[in-house]
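# Per-entry structural report
Here are the chains, one letter per residue:
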Amino acid sequence: MRKKKISILLGIFAILLFIAIICTGTVYYYLFAPQFHPPKTTYIYIDRDDTVDSVYNKVKIQGHLKKITGFKWMVKWRDYHKHIHTGRYVVRPGENVYHVFSRFYRGYQEPMNLTIGSVRTLDKLARNIGKQLMIDSVEISRAMNDSVFQHKIGYNKETMACLFIPETYQVYWNMSVNDFFERMQKEHQKFWNSERLKKAEDISMTPEEVCTLASIVEEETNNNSEKPMVAGLYINRLHSGMPLQADPTIKFALRDFSLRRITNSHLSINSPYNTYRNPGLPPGPIRIPSPIGIDAVLNYAKHDYIYMCAKEDFSGTHNFASNYVEHMRNARKYWKALNERKIFK
């Protein structure tokens, strides 16, 4: 009788052990065995509109999830519908459900590279940012064009572009509008260190004035080695009281950046950006200048040139002159090249 009871108990134990092994194996398979098989490291973006169902779809399709059962277990167990965090989450080949779900649940997102470009208008900058971040471009544009907000951070509508330093920054995809502008202010302060501020002071310019001149220099030439020369020319004009007479400011005033030839008819526009009619610098940048352009102004080449004209070989560089007669010789060569190519506007 006793042996029979022992046999029954051993049988029950064996069954329970078997069930335990099966359960453990099942849990291990669905939670800890490799279930994600994307062809390469991929990123899943969870935004404000996502629900549990949409997260399921993104995880299954983008993460190439073999079995979603374990993910659903974790969702139910941890009440994930109450803890959906926006963000950009990494999924690597061969990862398991437990580790991937934990990132989603805790909001452990992967940073990304945000590129601030040297663009001509704030509207275009807002669109570019909107394409890269969860923030809508309208939110960015609204803040950048809000006079109260501009004044709060030390700018106005003309100088707002000075805030941005074109560069690639590591950020979180779901950063807020306020976080974005706080980061831009920190990067601006980091760029405008004591050395650059001293150089700006030495040439009697504020950082905003340096940015404004740098934006003109960068519209004049894409040749980085020539930028200090162009900057020096404009500084010579400023020091002598001569109007800048910068064609790129006319394009900006007309909002026609396709113009390749500025004529007398264009020069009559009534705008503070018309540097043929208004002395000194325009009220703000005509594009967001790059660090190279800003440093070209701060470290401008010292020379006696006050005229320049695009080279007739269309190389993107310029012929420089210190007097009007020499300048006109250069200009006639360029006009002739334009006419030969039938470029009249």
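Residues numbered from 1 in each chain as written. Predicted model: local features only at pLDDT ≥ 70, side-chain atom pairs only at ≥ 80, totals over all residues. Heavy atoms only, no water.

### With respect to the packing of aromatic side chains
Worth spelling out the cut-off: Aromatic contacts are taken between Phe, Tyr and Trp rings whose centres are within 6.5 Å, Trp giving its six-membered ring; a plane angle under 30 degrees counts as stacked, one over 60 as edge-to-face, and the others as tilted. Strands here are runs of E lasting at least two residues and helices are runs of H or I lasting at least four, both read from the DSSP assignment and numbered beginning at the N terminus. Burial here depends on accessible area, computed with a 1.4 Å probe over protein chains only, as a share of the maximum for the residue type. Under 20% is buried, over 50% is exposed, and the range in between is partly exposed.
Under the definition given, this model contains 18 aromatic pairs. Both rings, one in Phe164 and one in Phe181, keep their centres 6.4 Å apart while their planes meet at 55°; by these two values the pair is tilted. One end of the pair, Phe164, is in the loop between α7 (147-152) and β4 (167-171); the other, Phe181, is in helix α8 (residues 177-191), and 17 residues separate them in sequence. A relative accessible area of 1% places Phe164 in the buried class. Look at Tyr307 and Tyr324: their rings are 5.8 Å apart centre to centre, the planes differ by 65°, and that puts the pair in the edge-to-face class. Separated by 17 residues along the polypeptide, Tyr307 in strand β5 (residues 307-310) and Tyr324 in helix α14 (residues 324-340) bring together distant segments of the chain. Taking the relative accessible area as the measure of exposure, Tyr307 reaches 15% and is therefore buried. Ring pairing ties together the aromatic residues Tyr56, Phe71, Tyr80, Tyr89, Phe101, Phe104 and Tyr105, which thus form one cluster.

### Notes on the packing of helix α10 (residues 207-220) against helix α12 (residues 247-254)
To keep it simple, the criterion reads: The axes used here are C-alpha line fits, helices contributing only the stretch in contact, and every angle between their N-to-C directions lies in the interval 0 to 180 degrees. When an angle is under 35 degrees it counts as roughly parallel; over 145 it counts as roughly antiparallel; between 65 and 115 it counts as roughly perpendicular; any other value is oblique. Contacts are assigned to residue pairs that have any heavy atoms within 4.5 Å of one another. In this classification, Asp, Glu, Lys and Arg are treated as charged, Ala, Val, Leu, Ile, Met, Phe, Trp, Tyr, Cys and Pro as nonpolar, and every other residue, Gly included, as polar.
At a closest axis distance of 8 Å, the pairing of α10 and α12 adopts a crossing angle of 100°. With respect to their mutual orientation, α10 and α12 come out roughly perpendicular. Residues Ile216, Glu219 and Glu220 of α10 pack against Asp247, Pro248 and Thr249 of α12. When its residues are assigned to classes, the contact of α10 with α12 shows two nonpolar, one polar and three charged.

### Remarks on the confidence of the model for the chain
To be explicit about the condition: Each residue carries a pLDDT value, the predictor's own confidence for that position, ranging from 0 to 100.
When pLDDT is averaged along the chain, the result is 90; 91% of the residues meet or exceed 70. Ranking the elements of the chain by mean pLDDT puts helix α1 (residues 2-32) last with 65 and helix α13 (residues 291-298) first with 98.

### Overview of α14
We apply this condition: Given a helix with a known number of residues, its expected span is that number minus one, times 1.5 Å. Any pair of nitrogen or oxygen atoms within 3.5 Å is treated as a polar contact; in protein, a donor-acceptor pairing is required on top of that, and neighbouring residues in sequence qualify only through side-chain atoms on both sides.
Helix length check: α14 (17 residues) gives 24 Å between terminal C-alpha atoms against 24 Å at 1.5 Å per residue, within 8%. Next to the buried residues of α14 lie β5 and β6 (318-321). For α14, the N-terminal capping position is held by Asn323, with its side-chain oxygen 3.3 Å away from the main-chain nitrogen of Val325.

### Side note on the pattern of salt bridges
Inclusion rule: For this analysis, a salt bridge means a side-chain nitrogen from Lys or Arg found within 4 Å of a carboxyl oxygen belonging to Asp or Glu.
Under the definition given, this model contains twelve salt bridges. Between Asp202 and Lys198 there is a salt bridge, with its nearest N and O atoms 2.9 Å apart. With Asp202 and Lys198 both in helix α9 (residues 194-202), this residue pair falls four residues apart, about one helical turn. In this structure Lys198 comes out as partly exposed when scored by relative accessible area, which is 46%. A single salt-bridge network, built from bridges that share partners, covers Arg92, Glu95 and Arg103.

### Observations regarding the nonpolar core
Our working definition: Side-chain atoms within 4.5 Å are what join buried Ala, Val, Leu, Ile, Met, Phe, Trp, Tyr and Cys residues into a set we call a nonpolar core.
Counting 61 residues, the largest nonpolar core has Phe164, Phe180, Phe181, Tyr234 and Val297 as the members making the most contacts within it. Not counting residues within four places of it along the chain, the set of residues in contact with Tyr234 comprises Leu213, Ile216, Val217, Glu220, Leu244, Ala246 and Met308. Counting 21 residues, the second largest nonpolar core, distinct from the first, contains Tyr56, Tyr80, Phe104 and Tyr105.

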